[in-house]
Amino acid sequence: MRFRPLSVCLVFLLLAQPAWPWGPDGHRLVAEIAWKHLSGSARAEIARLLPEGETIITIAPWADEVRPQRRETAPWHYINIPLEASGDWRPYCPEGECIVTAIQRMAAKLADRRLPAAEREEALRFVVHFVADLHQPLHCGDRRDRGGNDVPVIFRQRPTNLHSIWDTPLLLETLRREGARERLLREASPEELQRESAGGPEDWVWDSHRLSRDVAYALLPPGRPALIEDEYAERAYPVIEEQVRRAGLRLAALLERTFAQTPPARGQ
């Protein structure tokens, strides 16, 4: 495939654009799955924290919207774990600033009823967003290319990068598949809830890392820019659907655990 000079410039321009993890639609869907599986007490706690008319569904994209103004939050959206790594994610969390520690910190703030309501509300906004981000495989796996941001691809005749197609175009195509929304929003069985609620972000990160290694990178065709065709997309759809579903159920479980915690009294 030949590129004219204008096309080459367009490739680099698009590659330089910031990605929006899972896209607003994906974030809202994860929150909707979580909301469907929350208890009445957890829903009431959320209603007390959020302004009237807001829900975890409406606030789900918020952390991306404030990211340009809150530049210190940028490292909280991902962790670049090399594909060959295993066992311990902490060496890849520079100065303790990555998505795993961000979820842990924000969940602790959300649980602490001694904090001002505004601080706990902001923590809720971050938790809802970051749990979804954690389940985008290229937010956790890396081949020394910034989670695929430096891998040029052509998808649906448009130049972009590997990370970006997982963030939005592949997600949107997944959601347009027959029955996808119904499958994602179905009531979870007790067995599924128990399975997906096990562990925490320090464990869930390895699911995404494995999928980045075994699917997102492993199926890449040769050549750069890589031409992403239907075969790659068809393999990605079930992975994305599984991860969105997991993210919603795990967000519900994390919020239930967080609101159930009782902080110690002052001075203890």
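Keep in mind that what you see is a predicted model, and the values were worked out from it rather than measured.

(A) Spotlight on the state of the cysteines. Going through the model one piece at a time under the given rule, you end up with one disulfide. The cysteine C140 is free of any disulfide, with C98 supplying the nearest cysteine sulfur at 9.2 Å. Its relative accessible area of 0% is what places C140 among the buried residues.

(B) A look at the side chain of R250. Topologically, R250 is positioned in helix α13 (residues 230-260). Using a relative accessible area of 5% as the deciding quantity, one classes R250 as buried.

(C) Up close: the pattern of salt bridges. Using the criterion set out here, one finds 26 salt bridges in the structure. Across the pair E121 and R125 runs a salt bridge whose closest N-O atoms are separated by 3.0 Å. Of this pair, E121 and R125 both sit in helix α7 (residues 117-134), four residues apart, which is roughly one turn of the helix. Look at R125 and you get buried, because its relative accessible area is 10%. In this structure, R250 engages D207 in a salt bridge whose closest nitrogen and oxygen atoms are separated by 2.8 Å. Here the residue R250 occupies a position in helix α13, and D207 occupies one in helix α12 (residues 201-217), the gap between them amounting to 43 residues.

(D) Expanded view of the packing of α7 against α13. At a minimum axis distance of 9 Å, the contact between α7 and α13 shows a crossing angle of 150°. It follows from the interaxial angle that α7 and α13 lie roughly antiparallel. As α7 packs across α13, the resulting crossing turns out to be right-handed. Where α7 approaches α13, its residues R120, L124, V127, V128, V131 and A132 are matched on the opposing element by A247, L251, L254, L255 and F259.

(E) Layout of the sheet that holds strand β4 (residues 158-161). With mixed pairing, three strands are arranged side by side in an open sheet as β4-β3-β5. Since the sheet does not close on itself, it has two edges, and those belong to β4 and β5 (226-228), each with one partner. In this sheet, adjacent strand axes meet at a mean angle of 35° when their direction is disregarded. The pairing of strand β3 (residues 152-155) with β4 spans four bridges and is classified as antiparallel. Of the residues in β4, the one forming a bridge with P152 is N161.

(F) Quick look at the side chain of T101. Position of T101 among the secondary structure elements: in helix α6 (residues 99-111). A relative accessible area of 13% means that T101 is categorised as buried. Here the side chain of T101 touches G96 through a polar contact of 2.7 Å, landing on its backbone oxygen. Among residues more than four places away in sequence, those in contact with T101 are W89, C93 and G96.

(G) Main features of unusual backbone geometry. Following R224, the chain continues into P225 via a peptide bond in cis, with omega recorded as 0°. Within the secondary structure, P225 is located in the loop between α12 and β5. In this structure, R144 takes a positive phi of about 55° despite not being glycine. Among the structural elements, R144 can be located in the loop between β2 (141-142) and β3. Of note in the backbone geometry, R156 takes a positive phi value of approximately 55° without being a glycine. Following the sequence through the fold, R156 ends up in the loop between β3 and β4. What makes R156 partly exposed here is its relative accessible area of 35%.

Conventions we followed
- Residues numbered from 1 in each chain as written.
- Predicted model: local features only at pLDDT ≥ 70, side-chain atom pairs only at ≥ 80, totals over all residues.
- Heavy atoms only, no water.
- Disulfide = S-S within 2.5 Å.
- Buried < 20%, exposed > 50% of the residue type's maximum accessible area, 1.4 Å probe, protein only.
- Helix = DSSP H or I, 4+ residues; strand = E, 2+ residues; numbered from the N terminus.
- Salt bridge = Lys/Arg side-chain N within 4 Å of Asp/Glu carboxyl O.
- Axes fitted to C-alpha atoms, helices over the stretch in contact; angles between N-to-C directions.
- Parallel < 35°, antiparallel > 145°, perpendicular 65-115°, else oblique.
- Left-handed = near helix turned anticlockwise from the far one by under 90°.
- Contact = heavy atoms within 4.5 Å.
- Pairing = 2+ DSSP bridges.
- Polar contact = N/O pair within 3.5 Å; in protein donor to acceptor, adjacent residues only side chain to side chain.

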